[in-house]
Amino acid sequence: RTFFKIQDGCDYSCTFCTIPLARGNSRSQNIQDTVQAVRKTIETEHPGEIVLTGVNTGEFGRKHKEKFIDLIRQLDQIEAPVRFRISSIEPNLLSDDIIHFVAGSKRFVPHFHIPLQSGSDTILKAMRRRYLKDTYESRVELIRKTMPDCCIGVDVIVGFPGETEDAFLETYTFLRDLDVNYLHVFTYSERPNTPAIEMDGVVPDAVRAKRSRMLHILSDKKKRIFYEKNKGREYPVLWEAEKDGEWMYGFTPNYIKMQTGWNENLVNRVRMARIDSISEACTAMAKLLPEPAHPALS
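Because the structure is a prediction, the values reported are computed rather than measured. (Residues numbered from 1 in each chain as written. Predicted model: local features only at pLDDT ≥ 70, side-chain atom pairs only at ≥ 80, totals over all residues. Heavy atoms only, no water.)

Q: What is the right way to read the overall build of the protein from this model?
A: A tally of helices and strands in the protein yields eight helices and 11 strands. Taking 2.2 N^0.38 as the reference for a compact globule, 298 residues should give roughly 19 Å; the C-alpha atoms of the protein span a radius of gyration of 20 Å, in line with that estimate. With 298 residues in all, the protein has 50% of them scored as buried. Restricting the contact set of the protein to residue pairs at least 6 apart, pairs at least 24 apart contribute 71%. Accessible surface for the protein amounts to roughly 14,200 Å². Of this, 49% is attributable to carbon and sulfur atoms. Of the charged side chains in the protein, 42 are positive and 41 negative; the average position of the first set lies 2 Å away from that of the second. (Helix = DSSP H or I, 4+ residues; strand = E, 2+ residues; numbered from the N terminus. Rg over C-alpha atoms; globule rule 2.2 N^0.38 Å. Buried < 20%, exposed > 50% of the residue type's maximum accessible area, 1.4 Å probe, protein only. Contact = heavy atoms within 4.5 Å. Areas by Shrake-Rupley, 256 points an atom, 1.4 Å probe, with all protein chains shown as cover. Lys, Arg positive; Asp, Glu negative; His and termini not counted. Charge placed at Lys NZ, Arg CZ, Asp CG, Glu CD.)

Q: What is the right way to look at the state of the cysteines in this model?
A: As used here, a disulfide is simply a covalent bond connecting the sulfur atoms of two cysteines. Following the criterion strictly, the structure yields zero disulfides and no others. No disulfide involves Cys151; its nearest neighbouring cysteine sulfur is the one of Cys150, lying 6.8 Å away. (Disulfide = S-S within 2.5 Å.)

Q: Looking at this structure, I do not really get the nonpolar core. What am I missing?
A: Note that soluble globular proteins tend to have their nonpolar side chains buried in a common cluster. Counting 63 residues, the largest nonpolar core has Phe112 and Leu215 as its most contacted members. Setting aside residues up to four positions removed in sequence, Leu215 forms contacts with Val156, Val158, Phe168, Tyr172, Leu175, Leu183 and Val185. With 17 residues, the next largest nonpolar core counts Ile275, Ile278, Cys282 and Ala286 among its residues. (Core = buried A, V, L, I, M, F, W, Y, C linked by side-chain atoms within 4.5 Å.)

Q: What exactly am I supposed to notice about the pairing of strand β8 (residues 247-251) here?
A: Walk down a regular strand and you will see the side chains alternate between the two sheet faces. Within β8, four of the five residues are buried, which leaves the element mostly enclosed by the surrounding structure. Relative to β8, strand β7 (residues 234-244) is paired through four bridges, and the arrangement is antiparallel. The residue of β8 that forms the bridge with Leu238 is Phe251. Hairpin connection between β7 and β8: a loop of two residues separates the two successive antiparallel strands, and Gly245 in this loop has a positive phi of roughly 65 degrees. Relative to strand β9 (residues 257-261), β8 runs antiparallel, the two sharing five bridges. Counterpart to Phe251 in the pairing with β9 is Lys257. Between β8 and β9, which follow one another and run antiparallel, lie five residues, and Tyr255 among them has a positive phi close to 65 degrees. (Pairing = 2+ DSSP bridges.)

Q: I tried to follow the pairing of strand β2 (residues 49-54) on my own but got confused; where do I start?
A: Within β2, five of the six residues are buried, which leaves it mostly tucked inside the rest of the structure. As paired strands, β2 and strand β3 (residues 83-86) are joined by four bridges and run parallel to one another. Following the sheet pairing, Leu52 is matched in β3 by Ile86. The β-α-β motif built from β2, the intervening helix α3 (residues 68-75) and the parallel element β3 has right-handed crossover chirality. (Right-handed = clockwise from strand over helix to strand, strands pointing away.)

Q: Explain the sheet that holds strand β6 (residues 182-187) to me, please; I cannot follow it from the model alone.
A: Strand pairing in a sheet relies on backbone hydrogen bonds, with the paired strands running either antiparallel or parallel. Pairing within the open sheet is parallel, and its three strands lie in the order β4-β5-β6. Each edge of the open sheet carries a strand with a single partner, namely β4 (111-117) and β6. Along the sheet, successive strands turn relative to each other by an average axial angle of 20 degrees, direction set aside. Running over the sheet, helix α7 (residues 165-177) touches β4, β5 (151-158) and β6 and is turned about 175 degrees from β5. Here helix α8 (residues 205-229) sits on the sheet in contact with β5 and β6, set at roughly 165 degrees to β6. (Axes fitted to C-alpha atoms, helices over the stretch in contact; angles between N-to-C directions.)

Q: What am I meant to see in α7 here?
A: Given a rise of 1.5 Å per residue, 13 residues ought to cover 18 Å, and the 18 Å separating the end C-alpha atoms of α7 matches this to within 8%. Turning to α7, its buried residues are Ala167, Phe168, Thr171, Tyr172, Phe174 and Leu175. Projection of α7 onto a plane perpendicular to its axis shows the buried side chains occupying an angular sector of 165 degrees, all on one side. The outward face of α7, more than 90 degrees from its buried face, is lined by the exposed residues Asp166 and Asp177. Those residues of α7 that are buried lie in contact with β4, α5 (121-127), α6 (133-146), β5, β6 and α8. (Expected span 1.5 Å × (residues − 1). Arc of directions from axis to C-beta.)

See the structure below:
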């Protein structure tokens, strides 16, 4: 996999974040130059997958009066054995058009990582996020309607100032009941020059740690449920170069981590594999199938 940065900086003003101070305003190249640069990357690096990254990816092209959806439509037309993955996108920028496009795409895989940060509207407002939890829930519902097997990941912060026990339990319950597949859990830490550092209701470190553990356990449960649901299914897997003793790993389009015996000939190749079982460490054990690499990749 190659990580390709399409955007930098951020115009948002979340109260916990120093990125606008460190990285400046949101900026990106135009679509034409970006597509040309992606083509060059494909020609020189021959990746099996390109992950589109940025500080606030969905803001791509705004200053050129272009849209992220128009970029990914053009990337989808590139004739090369490569698939594309969107690294992360804000829920307020994840439009119906983007979801429907990915659902029918030739090359964009069914995987979304969508920052939530809190399942409490009170905390979301204190964070100055640009959505409330109803918006987030509606994005997940549309993804599930259009791509039932899509993998959905979530960023969440615990211990933000003012996060009472009730507010945390609201977040926990919201995530427990939401049809998402894994969490990236961050423990709030004070940052100089941010509004949050001046806020009342500081959460003790021990409480932050307890809440983090609870969400990590929830994440593990959700991930295992997702993997078990896919047991017995066959997917095109892009196998990676990292060697772990006698094992190697790869990912399905919907971001299931697959494991098989080390074979140098599989590196950076797509091979169909069936999910035979799920390991204790929650990795899918792969049964390689005899089919050759499939150009569709998704």
